[in-house]
Amino acid sequence: EAFTWYVLEETLRLCAQMSQDTGKDLPVAVNIPGRLLELDHFALTLQGLLQRFAVPAHNLTLELVETSRLKTDSAHITGLLRLRMIGCKLSIGDFGIGGTSLQRLLELPFTELKIPPAFASGMAGDERKCAVVAGAMSMAGHLGGGVVVTGIETLADRDAVCALGPAWLQGCLIARPMSAQALQPWVAQSAAPTVM
């Protein structure tokens, strides 16, 4: 719990600094363990942190990677709904692997599906992987949610995903892990128009 709060605070501090330096909001995602949803104070404390750093709640996506362990009892559902009520987005971070089921899409108030590298990596040369990614993207769109496709390491995989429709892409082809100091120049360069 203490580590999660540390990561959330540092992430929101970075968002506030980027906004101050560039005048633009930086959407971010942070992994949180599902057990934090059981804490009555979690959403309220998070709301206070968002206000402290003046970061709009809709710029924060909370990614749950243990969705198979989430119970549809009142504690977990209440925790998720509190986060949605303050404006945060919620992501199923392990969609399609482990115990994540389609039933979860109907039971829990998520706004985003994150497709893991097991499906996306190498999909340009694998019709079955391409079909799985296309199906997940279509399903998310029909449910009114967004999609993040992870594990994009090659131009061919990037192009294969782009051919299927709009999605956020994540992987070393897009950007390697970097320090906070390297992020602002990278964002500025990425936003610059490409000259052909």
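It should be noted that the structure appears before, not after, this text.
Asker: What is the right way to look at the overall build of the protein in this model?
Answerer: Scanning the protein from terminus to terminus reveals eight helices and six strands. Overall, the protein shows an N-to-C arrangement of helices and strands of α-β-α-β-α-β-α-β-α-α-β-α-β-α. For the protein, buried positions account for 37% of its 196 residues. Sequence-distant contacts, at least 24 apart, represent 63% of the contacts inside the protein between residues at least 6 apart. About 10,900 Å² of surface is accessible on the protein, with carbon and sulfur atoms providing 57% of the total.

Asker: Quick question: what am I supposed to make of helix H6 (residues 127-142) here?
Answerer: Owing to its 3.6 residues per turn, the α-helix brings residues three or four apart onto one side. When the terminal C-alpha atoms of H6 are compared, their 22 Å separation across 16 residues agrees well with the 22 Å that a helix rising 1.5 Å per residue should span. Between the side-chain oxygen at the start of H6 and the backbone nitrogen of Arg128 there is a gap of 3.0 Å, and the oxygen is on Asp126. Just beyond H6, the residue with positive phi is Gly144, at close to 80 degrees.

Asker: Sorry, what's going on with the sheet that holds strand E6 (residues 168-170) here?
Answerer: Backbone-to-backbone hydrogen bonds join strands into a sheet, with any given pair of strands oriented parallel or antiparallel. Ordered by their spatial adjacency, six strands build an open sheet running E1-E2-E3-E4-E5-E6, and the pairing between neighbours is parallel. Both outer strands of the open sheet, strand E1 (28-32) and E6, are each paired with one neighbouring strand and no more. Sheet twist, expressed as the average angle between the axes of neighbouring strands with direction ignored, equals 25 degrees. In terms of strand pairing, strand E5 (residues 146-150) meets E6 through three bridges, oriented parallel. Bridge pairing in E6 places Thr150 opposite Gln170.

Asker: Explain the pattern of salt bridges to me, please; I cannot follow it from the model alone.
Answerer: A side chain with one charge may pair with a side chain of the opposite charge, provided their charged atoms come close. Applying the stated criterion across every chain, the model contains six salt bridges. Close ionic contact of Asp40 with Arg82 constitutes a salt bridge, the shortest N to O distance being 3.7 Å. Of the two residues, Asp40 is situated in the loop between E1 and helix H2 (42-53) and Arg82 in helix H3 (residues 74-86); the sequence distance between them amounts to 42 residues. Note on Asp40: relative accessible area 61%, which makes it exposed. Linking Asp159 and Arg158 is a salt bridge whose minimum nitrogen-to-oxygen distance equals 2.9 Å. What you see here is one network of salt bridges that share partners, running through Glu9, Glu10, Arg13 and Arg52.

Asker: Explanation requested: the environment of Trp5 in the structure shown.
Answerer: Here Trp5 is to be found in helix H1 (residues 2-22). Along the primary structure Trp5 and Phe42 are separated by 37 residues, whereas in three dimensions their C-alpha atoms are 9.7 Å apart.

Asker: How should I be thinking about the side chain of Thr11 in this particular structure?
Answerer: Tracing the chain through its elements places Thr11 in helix H1. In this structure Thr11 touches Val28 and Val30, once residues within four positions along its chain are discounted.

Asker: I keep staring at the layout of surface pockets and nothing clicks. Help me out?
Answerer: Rolled over the atoms, a probe sized like a water molecule indicates the empty space that remains. Of the voids in this model, the largest pocket is the one considered here, and its volume is about 1,700 Å³. As for the largest pocket, its lining consists of 45 residues, and the residues nearest its centre are Leu26, Pro27, Val28, Ala29 and Trp186. Of all the secondary-structure elements, those providing two or more residues to the lining of the largest pocket are H1, E1, strand E2 (60-64), strand E3 (89-92), strand E4 (112-115), E5, E6 and helix H8 (180-191).

Asker: Would you explain empty space enclosed by the protein in this entry?
Answerer: Going through the model one piece at a time under the given rule, you end up with one cavity of 30 Å³ or more. Around the largest cavity, the lining residues are Leu36, Leu37, Leu39, Asp40, Phe42, Ala43, Gly79 and Arg82. Taken together, the elements giving at least two residues each to the lining of the largest cavity come down to H2 and H3. Partitioning the lining of the largest cavity into residue classes produces five nonpolar, one polar and two charged.

Here is what the cut-offs are and how they apply
Residues numbered from 1 in each chain as written. Predicted model: local features only at pLDDT ≥ 70, side-chain atom pairs only at ≥ 80, totals over all residues. Heavy atoms only, no water. Helix = DSSP H or I, 4+ residues; strand = E, 2+ residues; numbered from the N terminus. Buried < 20%, exposed > 50% of the residue type's maximum accessible area, 1.4 Å probe, protein only. Contact = heavy atoms within 4.5 Å. Areas by Shrake-Rupley, 256 points an atom, 1.4 Å probe, with all protein chains shown as cover. Expected span 1.5 Å × (residues − 1). Polar contact = N/O pair within 3.5 Å; in protein donor to acceptor, adjacent residues only side chain to side chain. Pairing = 2+ DSSP bridges. Axes fitted to C-alpha atoms, helices over the stretch in contact; angles between N-to-C directions. Salt bridge = Lys/Arg side-chain N within 4 Å of Asp/Glu carboxyl O. 1 Å grid on protein atoms, 1.4 Å probe; cavity = no way out; pocket = protein on both sides within 12 Å on 5 of 7 lines; lining within 4 Å. Points joined across faces, edges and corners; volume = space filled by probe spheres on them. Nonpolar A, V, L, I, M, F, W, Y, C, P; charged D, E, K, R; others polar.

Taken by themselves, the reported measurements are silent on function.
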